[in-house]
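What follows is each chain in one-letter form.
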Amino acid sequence: MLEGKRVVLGVTGGIAAYKACALTSKLTQKGAEVKVIMTESAMKFVAPLTFQALSRNPVYTNTFDEKDPEKIGHIDIADWADLFIIAPATANMIGKISNGIADDMLSTTLLATQATVYIAPAMNVNMYGHPAVKRNMQTLEEWGYRFIEPGEGYLACGWVGKGRLEEPETMIEAVEKDMESSYLLKGKKVLISAGPTREKIDPVRFFTNHSTGKMGFALAEEAARLGAEVTLVSGPVQLETPRGVYRVNVTSAAEMYDQMLVHYPGKDIVIKSAAVADYRPVQTFDKKLKKQKDQLAVEMERTTDILKELGNKKDKQYLVGFAAETNDVIDYGKTKLVSKNLDAIVINDVTVEGAGFASDTNQVIYLNSRGIEKHLAIASKKNIARKLFELINEDLKDEPK
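Small disclaimer: the values here were computed from a predicted structure and weren't measured.

1. Details of the environment of Leu-261
Part 1: Mapped onto the elements, Leu-261 comes out in helix 10 (residues 253-263).
Part 2: Relative accessible area serves as the criterion here: at 25%, Leu-261 is assigned to the partly exposed category.
Part 3: C-alpha separation for the pair Leu-261 and Leu-310, spaced 49 residues apart in sequence, amounts to 7.6 Å.
Part 4: The contacts of Leu-261, once residues within four sequence positions are left out, are Leu-310 and Lys-313.

2. Here's the deal with the packing of helix 1 (residues 17-29) against helix 8 (residues 168-181)
Part 1: As a packed pair, helix 1 and helix 8 sit with axes 9 Å apart at the nearest point and diverge in direction by 50°. Relative to helix 8, the element helix 1 lies oblique. Every pair of crossing elements has a handedness; the one defined by helix 1 and helix 8 is right-handed. The segment helix 1 lies against helix 8, with Lys-19, Ala-22, Leu-23, Lys-26 and Leu-27 engaging Pro-168, Glu-169, Met-171 and Ile-172.
Part 2: Its residues placed into classes, the contact of helix 1 with helix 8 shows six nonpolar, no polar and three charged.

3. Digging into the UniProt feature "binding site: CTP" (unreviewed entry) in the protein
Part 1: Look at the UniProt record and you will see "binding site: CTP" (unreviewed entry) annotated at Asp-278, Lys-288, Phe-322, Lys-336 and Lys-340. Taken together, the annotated residues stretch across 63 residues and extend over separate regions, lying up to 38.0 Å apart by C-alpha.
Part 2: On the secondary structure map, Asp-278 appears in the loop between strand 14 (269-272) and strand 15 (279-281).
Part 3: Judged by relative accessible area, which is 48%, Asp-278 ranks as partly exposed.
Part 4: In contact with Asp-278, not counting residues within four places along its chain, are Glu-301, Arg-302 and Thr-303.
Part 5: Assignment of secondary structure puts Phe-322 in strand 17 (residues 318-325).
Part 6: Ignoring sequence-local partners within four residues, the contact set of Phe-322 consists of Met-215, Leu-219, Ile-271, Lys-272, Ser-273, Ile-345, Val-346 and Leu-388.

What counts and what doesn't
- Residues numbered from 1 in each chain as written.
- Predicted model: local features only at pLDDT ≥ 70, side-chain atom pairs only at ≥ 80, totals over all residues.
- Heavy atoms only, no water.
- Helix = DSSP H or I, 4+ residues; strand = E, 2+ residues; numbered from the N terminus.
- Buried < 20%, exposed > 50% of the residue type's maximum accessible area, 1.4 Å probe, protein only.
- Contact = heavy atoms within 4.5 Å.
- Axes fitted to C-alpha atoms, helices over the stretch in contact; angles between N-to-C directions.
- Parallel < 35°, antiparallel > 145°, perpendicular 65-115°, else oblique.
- Left-handed = near helix turned anticlockwise from the far one by under 90°.
- Nonpolar A, V, L, I, M, F, W, Y, C, P; charged D, E, K, R; others polar.
- UniProt positions renumbered as here; feature names shortened; annotations may be inferred.

Written out as structure tokens, the structure is:
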């Protein structure tokens, strides 16, 4: 996976910088072309000449040391790279990147690159667990940065715990596995619904729910990153369209039903993660409904069950539903799986902390029609999305030909 790839290795100031030497060597042995950027602190631990000898390329240490007058160094390196690896990544560098600080060659180049960035943290166990560091890592993860988790054991500071930079071989395995997964859905056509719907009462009022669309957008973003052609039908949300995703905006349940049916034929994977209104007002008003002296009763009627209709019309599509529940979640999930002719259903208990609407994290149960049940522990919605596609891909491989 790394042969012919252009890799920028960022080395920051930690005792684990010595492992970056072996990482440079192993990357070149894999056939990658490696260019190293060192921070000022990193040079206190390892000399730039070491990396120059191992990579057979100049080492970059100063933003203002322009090696080619015809190019702006940090922009040239940022554009050149197929991928970045930051190893070791100190708490300081993680904080810089997550806050948009660009005050040296490495942080400036990272702000300018559009390449995939892998971050391998290395620090004291208490630093790694500090709320500020955890928040910064979560921010970067939400932005699409990849993390190579540190190992546990005896640290240079004398503490024992999580924070030790992974071994070079393990880091390379993690990068190669992630690169391989970028082809997981190559050639697949994916349709996803996301967000809430709004059911109008009058020009100023509507019925809706708490959905923000974050889970559906994470699924769309991840599907595109994994190589799929993605169509996203979204209710009204305050989210940017993920890169490489074709977005269709709707407002009501009826509009979402129409657009899902328009885009349904020919799709390989369809995921209905939108929180669609089950009911809408029977009567709507063109002018604002004035305040009543007594109680106001609004008669409601059922909306079309989009997921059930998709199940009825299913051809080759692998159809996945979402179920936000508050009790007896598995029982309700199994019932929906059968009654709506689904291939799989993703259930989340919205009463669990960190798994409800508007959260950046989720905790779900994946059930498929073959009886496989997978519990996915709390993680960012992007991580959950990736794991769900891995499970869906396994199901697709196991389907009878």
